[in-house]
Amino acid sequence: MENSLLCSRLYVISISSVKKKLLLLLIMLLLWAYTLYSCMGYCATMPSPIMDSNRDKESQGTGRRADASGVEILPRLLPRPQGWEDLETDYEESSPRTYSRDLLNNEDWDDAKSEQSAADLSALSSFSNGSGSKKLPQAIIIGVKKGGTRALLEFLRVHPDIRAVGAEPHFFDRNYNNGLDWYRDLMPKTLEGQITMEKTPSYFVTREAPARIYAMSRDTKVIVVVRDPVTRAISDYTQTLSKKPDIPSFESLTFKNRTTGLIDTSWSAIQIGIYAKHLENWLQYFPMGQILFVSGERLISDPAGELGKVQDFLGLKRIITDKHFYFNQTKGFPCLKKAEGSSKPHCLGKTKGRTHPNIDREVVQRLRDFYRPFNMKFYQMTGHNFGWD
């Protein structure tokens, strides 16, 4: 009887011990699973290292930092350069009349904002899992329309320390009532030391824009891409004509009175080219040292030279150089060389350039006479002769 009772007690103790061990094992399994899950979530947010035996050599020439193992730090933190548009069909074949087509017809890309936005979203999604935050822009390309602002922005996006919005925000002219938080939310994420940029060409001619940008930050650097105002006006008209074929002729819009030759300065295509007038408005808020003027013509003939000036102005290392461009002899404009992982060269835009209508030489000459005093004043204000006369 006693033996039976003893056995029963031992059996109960044995069962209880097994249950405790099973419970302990279950708890350990749960803790292990939770730890593994946490590790996987953490690792998913870490940029994957890029191993390349040649990159440590390249980093010495590009200003990139490398860690002790020779693996570049920047590629682990940054996404690949933002999407470049393929512009192999962007312009007409070159012709003897250099200015008969829109060599810098890149504002037409605004018609394809959805495509550009998609490219930005793609670049942003590849960056969103890493660190970084959205900041208000430290530099803005403020103009001018049909001057080559899109070309400049896309060239600049090659630089690893520049992050830019693709589509034009139009915050300081059309969407100012939405507030700075709305504006900031449009910006891409940036790391410490990177510059946030945007471009909206209409800012240069918007009277309220300088004061509004100054209120955001008095240290904002502004960039203006300028182009021969006569050619710019014809390019502007050509773009409008492609959308509204029934508009009056260029000649009839240019003059208030063709007989007297009085120019109609109320027409925006003419008004935009009076650069000196618009610059006076900006100089009320920003000193000349915070404004950089880029030549639209030289952006074609010497893109690396103009980009070098912009990089200096922004306080960045000159990473974008001649090696990033090739000149398309057939089309007559510079293109970016192939992107990483691609065998094709990349130029700007997908829309074809438009042939300028034939404008009466007398009209062109009268326009040149009209713009000449404004150009001279603009040269004096900027301390630079752009050679439009």
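Refer to the structure printed above.
Described in the following lines is the structure provided in the data block. (Residues numbered from 1 in each chain as written. Predicted model: local features only at pLDDT ≥ 70, side-chain atom pairs only at ≥ 80, totals over all residues. Heavy atoms only, no water.)

## Concerning helix H14 (residues 361-382)
Using the following cut-off: A run of DSSP states H or I qualifies as a helix once it reaches four residues; a run of E qualifies as a strand once it reaches two. Both are numbered from the N-terminal end. To estimate how far a helix should extend, the number of its residues minus one is multiplied by 1.5 Å. The term bend refers to the angle at a residue between two fitted axes, each drawn through seven residues, those ending there and those starting there. Pairs of N or O atoms are called polar contacts if they sit within 3.5 Å, as long as, within protein, a hydrogen donor faces a hydrogen acceptor (for residues adjacent in sequence, only side-chain-to-side-chain pairs).
Its 22 residues give H14 an end-to-end C-alpha distance of 29 Å, which sits within 8% of 32 Å, the value for a rise of 1.5 Å per residue. At Arg372, H14 shows its largest bend, some 40°, and a proline, Pro373, comes one to four positions later. Sitting at the amino-terminal end of H14 is Asp360, which places a side-chain oxygen 2.7 Å from the backbone nitrogen of Glu362. Downstream of H14 by one or two residues, Gly383 has phi in the positive range, about 70°.

## Structural notes on the nonpolar core
Our working definition: Take the buried Ala, Val, Leu, Ile, Met, Phe, Trp, Tyr and Cys residues and link them wherever side-chain atoms come within 4.5 Å; each set so joined is a nonpolar core. Relative accessibility decides the category of a residue: with a 1.4 Å probe and only protein chains considered, values under 20% of the type maximum give buried, values over 50% give exposed, and everything between is partly exposed.
Residues Ile142, Phe172, Tyr203, Ile213, Trp282 and Phe378 are the most contacted members of the largest nonpolar core, which totals 29 residues. When residues of this core are traced back to their parent elements, those giving at least two are strand E2 (139-143), helix H7 (209-216), strand E6 (221-226), helix H11 (275-282), strand E9 (291-295) and H14. With four residues, the single largest contributor to this core is H11. Counting 26 residues, the second largest nonpolar core, distinct from the first, contains Met197, Leu299, Leu307 and Leu314.

## Examining the pattern of salt bridges
Oppositely charged side chains can pair when the atoms bearing their charge come close. For clarity, the threshold we go by: Throughout this description, the term salt bridge denotes a Lys or Arg side-chain nitrogen within 4 Å of a carboxyl oxygen of Asp or Glu.
Under the counting rule described, the total for this entry stands at 16 salt bridges. Of the charged contacts in the structure, one is a salt bridge between Arg258 and Asp360, with a shortest N-O distance of 3.8 Å. In this pair, Arg258 sits in the loop between strand E7 (255-257) and strand E8 (262-263) while Asp360 sits in the loop between strand E11 (333-336) and H14, placing the two residues 102 residues apart along the sequence. Several salt bridges share partner residues, and in doing so they unite Lys145, Arg232 and Asp236 into one network.

## Focus: the packing of aromatic side chains
Counted only if it meets this: Stacked, edge-to-face and tilted are the three classes for Phe, Tyr and Trp ring pairs, Trp counted by its six-membered ring, which pair at centre distances within 6.5 Å; planes under 30 degrees apart are stacked, over 60 edge-to-face, the rest tilted.
Going through the model one piece at a time under the given rule, you end up with 24 aromatic pairs. On the basis of an interplanar angle of 50° and a centroid distance of 5.3 Å, the ring pair of Phe171 and Tyr176 is categorised as tilted. Assessed through its relative accessible area of 1%, Phe171 is described here as buried. What makes Tyr176 partly exposed here is its relative accessible area of 30%. Taking 5.4 Å as the distance between ring centres and 85° as the angle between the ring planes, the aromatic pair formed by Phe293 and Phe378 counts as edge-to-face. Of the two residues, Phe293 sits in strand E9 while Phe378 sits in helix H14, which places them 85 residues apart along the sequence. Of the two residues examined, Phe293 and Phe378, each falls in the buried class.

## Points about helix H13 (residues 303-313)
Convention followed: Contact definition: two residues touch when any of their heavy atoms are within 4.5 Å.
With respect to burial, H13 is a largely interior element, eight of its eleven residues being buried. The complete set of buried residues in H13 reads Pro303, Ala304, Glu306, Leu307, Gly308, Val310, Gln311 and Phe313. Contacts from the buried residues of H13 go to helix H5 (149-156), E6, E9, helix H12 (298-301), strand E10 (325-328) and E11. Once H13 ends, the next one or two residues include Gly315, with phi positive near 75°.

This is a description of form; function is not addressed.
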